[in-house]
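Residues per chain are reported as follows:
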Amino acid sequence: MAGKRNSESNGAKGKKSSFLSDPRFKFSLGALFVGLSLMLFMSFFSFLFTWKVDQSFTFQNLFAELEFEAENWAARIGAVISNLFMNKWVGIAALGFPFVLLISGLQLWKIKTIPLGKTIRYTFFFTIWLSIFLGFVFADGSGYLGSGPGGRHGLYIASWMNGLIGKVGTFFVLIISLFIFLTFSFTGFLPWLSRSSKSLAMRIIALIRNRKTKAASLDNSTLAQQAPVTPFLPEDFPITIEIVDDDVSPKTTLGKSSTLNQDLLDELEQELEIARGETPKTLVPSTIANDSDFTVEKATGSDEEASGFAEMEDGDDEFSGDDPLEVFGEFDPTLDLSDYQMPPLDLLEDHKIENTEVSKEELISNKNKIVETLSHYKIKIDKIKATIGPTITLYEIVPAPGVRIAKIKNLEDDIAMSLSALGIRIIAPMPGKGTVGIEVPNQNPEIVSMRSILSSARYQESKFELPVALGKTISNDTFVFDLTKMPHLLVAGATGQGKSVGLNAILASILYKKHPSEVKFVLVDPKKVELTLYANIEKHYLAKLPDSEEAIITDTHKVVQTLNSLTVEMDNRYDLLKRAHVRNIKEYNTKFKSRRLNPDKGHRYLPYIVLVVDEFADLIMTAGKEIETPIARIAQLARAIGIHLIIATQRPSTNIITGVIKANFPARLAFRVSSMIDSRTILDTPGANQLIGRGDLLFSSGSDLTRVQCAFVDTPELEKLAEFIGNQRGYPSAHLLPEYKDDSEPDTFDNDLSKKDELFEDAARLLVLHQQGSTSLIQRKFSIGYNRAGRIMDQLEAAGIVGPSEGSKARQVLYQDEYSLEQYLKNF
């Protein structure tokens, strides 16, 4: 009986063994492993992008009927498994699991890959190590994937190690463990590390030697006595030359000698000296009497080339010299006011108020009220943290799994009522984070002074072309942006909410950073009281029309003329860019400062021009399309040539901020407004109606909104700033814009010359000097409109100085020299 039972047992084992070794079983199991690996990889990979919206799915509601579906590529099961592996376990390192399954499946299919044992061992180590390492790097909590890139496992282990041995100790333990694993797992790791270290050390030494050699070669007094320094080989290493065949060029070898033709040897020796960084002997002057007579002469070509500029043909806009900087140096636009001093920060006040810090009691009280209000609606949260800003505290909450974000968003009014606060704003979800943000005003708001903003490192070290320091964000970071990147700014806000202070902050931040030669302001103030403080800086920073008495424009008719003048300036600048073969103002000014553009051909340094309109609504009501059309044209085209617009209004309605205006002003700055409709008009979204006023604003330069407390700068501070600038030596007048004549005005001419243009004689001298009767030449040289230049040309024709029009050709100049012209003008 016993023998019978043993035989039956052995038979069962044999059947089981034969079943496991059956190729069909192996193929099926391999297919299962490969399919699982692909499914896991697909769900894990998509979880990197869909984790925020799929955090509501759990094992409890996996088979429940829900109103919404998972965004994960593997549907609900993929969302749940991905959340388990990547959020609750090991984070991004979980991608190693589908890799092991894939290798296992391929092995069952008898496809040769990495050995399975090594794959499991290496994957196990790197999964654990990478999880802890990512948890260490993102120990403060990035919110990505819910628990950070290292998952809860990595975050917990890293936090435990930080508390036990500190961050430095944790870092060294992780690095040392990695080195130990690589040393025992890969036999070639230590030799490779040794070779790499030596190679790196040799390269560093060679680089240092090479730099020393180049520095020494600049000293002409020791040029002939320099010792040869080889950057890549020891100094005493033998360098000889070998010839393989008479028809083959010689090559450098090491440690083997032969004889060569002397001329060829000299040539190759000179090449080797150059490769070493030495000065070849043929470059050293042969006629040296003694050390004191030693000079190094530099060969020059023609007189034009020696001066740095080659001869120019008529009509060339660019110099063709090889090195125009060699003699003249770069053009510096600030030299006209070289003694100009930038205003000191002492002109501004600090505006500090005591006892403005948010107390611990206030934070705890607000936290408890938020949690209590949410619990009334059966909304549970996992954790909550607070970020204290100057006027707003941001409470970030992590809702429990299964909580819909929209449900929290709908409780905005209830939370505001429980906190008894105005200006509650809920951000659900926070951009780039797996949290919901609740912004709550502080009981004792802090005043952000302009002085503290301008003294910050972010502003002082900024390399922006037109830096604008606006204020502080809710995380107490200084908010600075480049106006040239916006490129135009639309400002809106109800009366008394800080709009004018915001404009002053923008102007002050540019005045503190840019020289008068680099930027000019065109100030439009229909209310006649907001921007008059800047009248003192007219000869430094302001631009105006040639016939304007005041640089700050208050008359609506003058505003229309100024805007059209800016369109003329825009067209003139684009013409300059076209002839200079550049695409934007930065490239053009770089080319002009390097003296590669000819000023005699109309080229000039182009400062940035910033147009500031304080009350746009009043202009639209009085002038309508006359204002909107040039504004829209400038906004569409003027970015590349350095003209930027800042338009402010206290009435952000659709008949003021039209679709044409909004389409060309991607950057918007909204102070508090009275209604949600106004907020949508300015920002395309609600939010500005929930601000608390007094400089509280939302900045939008795209899809994201940034809440900023605007810096406060008072009227006496601005008066001191304008006085400091105005008391310094300025330009003879404000920067003159091109003159604009309305096309509707009759283009007539008085043949008796009783109404000569004031530029008549200057234009005559210009044309005689160039011997070219060109209207565009007059227009470019005197920065005037085409209509006025055409009238001057008609007057010159009537006076007999130029001939009649010949179509597209330039007119004939009837006077050949300036002396005969002066005699004619004297008796004219």
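The structure reproduced in this document is the subject of the present report. (Residues numbered from 1 in each chain as written. Predicted model: local features only at pLDDT ≥ 70, side-chain atom pairs only at ≥ 80, totals over all residues. Heavy atoms only, no water.)

**Details of empty space enclosed by the protein**
Evaluated as defined, the whole model comprises two cavities of 30 Å³ or more. Considering only enclosed or pocket space, the largest cavity measures out at about 40 Å³ in volume. In this structure, the largest cavity is lined by P599, D600, K601, G602, L777, R780 and K781. Here the second largest cavity is characterised by a volume of approximately 30 Å³. If you go around the second largest cavity, the residues you meet are P390, T391, I392, K472, I474, D696, R707, V708 and Q709. (1 Å grid on protein atoms, 1.4 Å probe; cavity = no way out; pocket = protein on both sides within 12 Å on 5 of 7 lines; lining within 4 Å. Points joined across faces, edges and corners; volume = space filled by probe spheres on them.)

**Here we look at unusual backbone geometry**
A cis geometry characterises the amide bond from A428 onward to P429, with omega recorded as -10 degrees. Mapped onto the elements, P429 comes out in the loop between β5 (425-427) and β6 (436-441). Here the residue pair M486 and P487 is connected by a cis peptide bond, since its omega of 0 degrees sits within 30 degrees of zero. As for its position among the elements, P487 is in the loop between β8 (478-482) and β9 (489-492). In this structure, H581 is a non-glycine residue whose phi angle is positive, near 60 degrees. With respect to the helices and strands, H581 occurs in the loop between α17 (556-580) and α18 (585-593). Phi is positive for Q771, which is not a glycine, with a value near 55 degrees. With respect to the helices and strands, the residue Q771 is situated in the loop between α24 (760-770) and α25 (775-782). (Helix = DSSP H or I, 4+ residues; strand = E, 2+ residues; numbered from the N terminus.)

**As for helix α10 (residues 360-376)**
Here α10 is 17 residues long and its end C-alpha atoms lie 24 Å apart, about the 24 Å a rise of 1.5 Å per residue gives. Buried within α10 we find E362, N366, I370, T373 and L374. In an axial view of α10, the angular spread of the buried residues amounts to 100 degrees, which keeps them on one side of the axis. For α10, the exposed residues set more than 90 degrees away from the buried face come down to K360, E361 and H376. (Expected span 1.5 Å × (residues − 1). Buried < 20%, exposed > 50% of the residue type's maximum accessible area, 1.4 Å probe, protein only. Arc of directions from axis to C-beta.)

**Description of the packing of α24 against helix α27 (residues 818-826)**
Running from amino to carboxyl end, α24 crosses α27 at an angle of 160 degrees, the nearest separation of the two axes being 10 Å. With respect to α27, the element α24 is oriented roughly antiparallel. In terms of crossing hand, the pair formed by α24 and α27 is right-handed. Taken together, the residues of α27 that come into contact with α24 (itself represented by F760, E761, A764, R765, V768 and L769) are E818, L821, E822 and L825. The residue makeup of the contact of α24 with α27, split by class, is six nonpolar, no polar and four charged. (Axes fitted to C-alpha atoms, helices over the stretch in contact; angles between N-to-C directions. Parallel < 35°, antiparallel > 145°, perpendicular 65-115°, else oblique. Left-handed = near helix turned anticlockwise from the far one by under 90°. Contact = heavy atoms within 4.5 Å. Nonpolar A, V, L, I, M, F, W, Y, C, P; charged D, E, K, R; others polar.)

**Here we look at the pattern of salt bridges**
Taken as a whole, this structure holds 27 salt bridges when the rule is applied. One salt bridge connects D684 with K662, and the closest N-O pair in it is separated by 2.7 Å. With D684 in the loop between α22 (676-683) and β15 (696-700) and K662 in helix α21 (residues 659-663), this residue pair connects regions lying 22 residues apart in the sequence. According to the relative accessible area criterion, D684 is partly exposed, its value standing at 48%. For the salt bridge of D684 with R668, the shortest nitrogen-to-oxygen distance reads 3.3 Å. Of this pair, D684 sits in the loop between α22 and β15 while R668 sits in strand β14 (residues 667-670), and the two are 16 residues apart along the sequence. Given a relative accessible area of 7%, R668 falls into the buried group. One network of salt bridges, in which partners are shared, links R425, E439, D696 and R707. (Salt bridge = Lys/Arg side-chain N within 4 Å of Asp/Glu carboxyl O.)

**Points about the nonpolar core**
Judged by nonpolar contacts, the single largest core of 109 residues is most densely connected at L489, F521, I627 and I631. The biggest single contributor to this core is α17, with eight residues. Ignoring any residue separated from it by four or fewer positions in sequence, one finds L489 in contact with F481, L483, I506, L645, I646, I647, F665, A667, R668, L669 and F699. Within the second largest apolar cluster, 21 residues are counted, among which are V768, A799, L821 and L825. (Core = buried A, V, L, I, M, F, W, Y, C linked by side-chain atoms within 4.5 Å.)

**Re the pairing of β9**
The side-chain alternation of β9 yields two buried faces, one formed by L489 and V491 and the other by L490 and A492. With four bridges joining them, β9 and β14 adopt parallel strand pairing. Pairing of L490 across the sheet is with R668, part of β14. Pairing of β9 with strand β13 (residues 643-649), which is carried by four bridges, proceeds in the parallel orientation. Residue pairing for β13: A492 is matched across the bridge by T649. (Pairing = 2+ DSSP bridges.)

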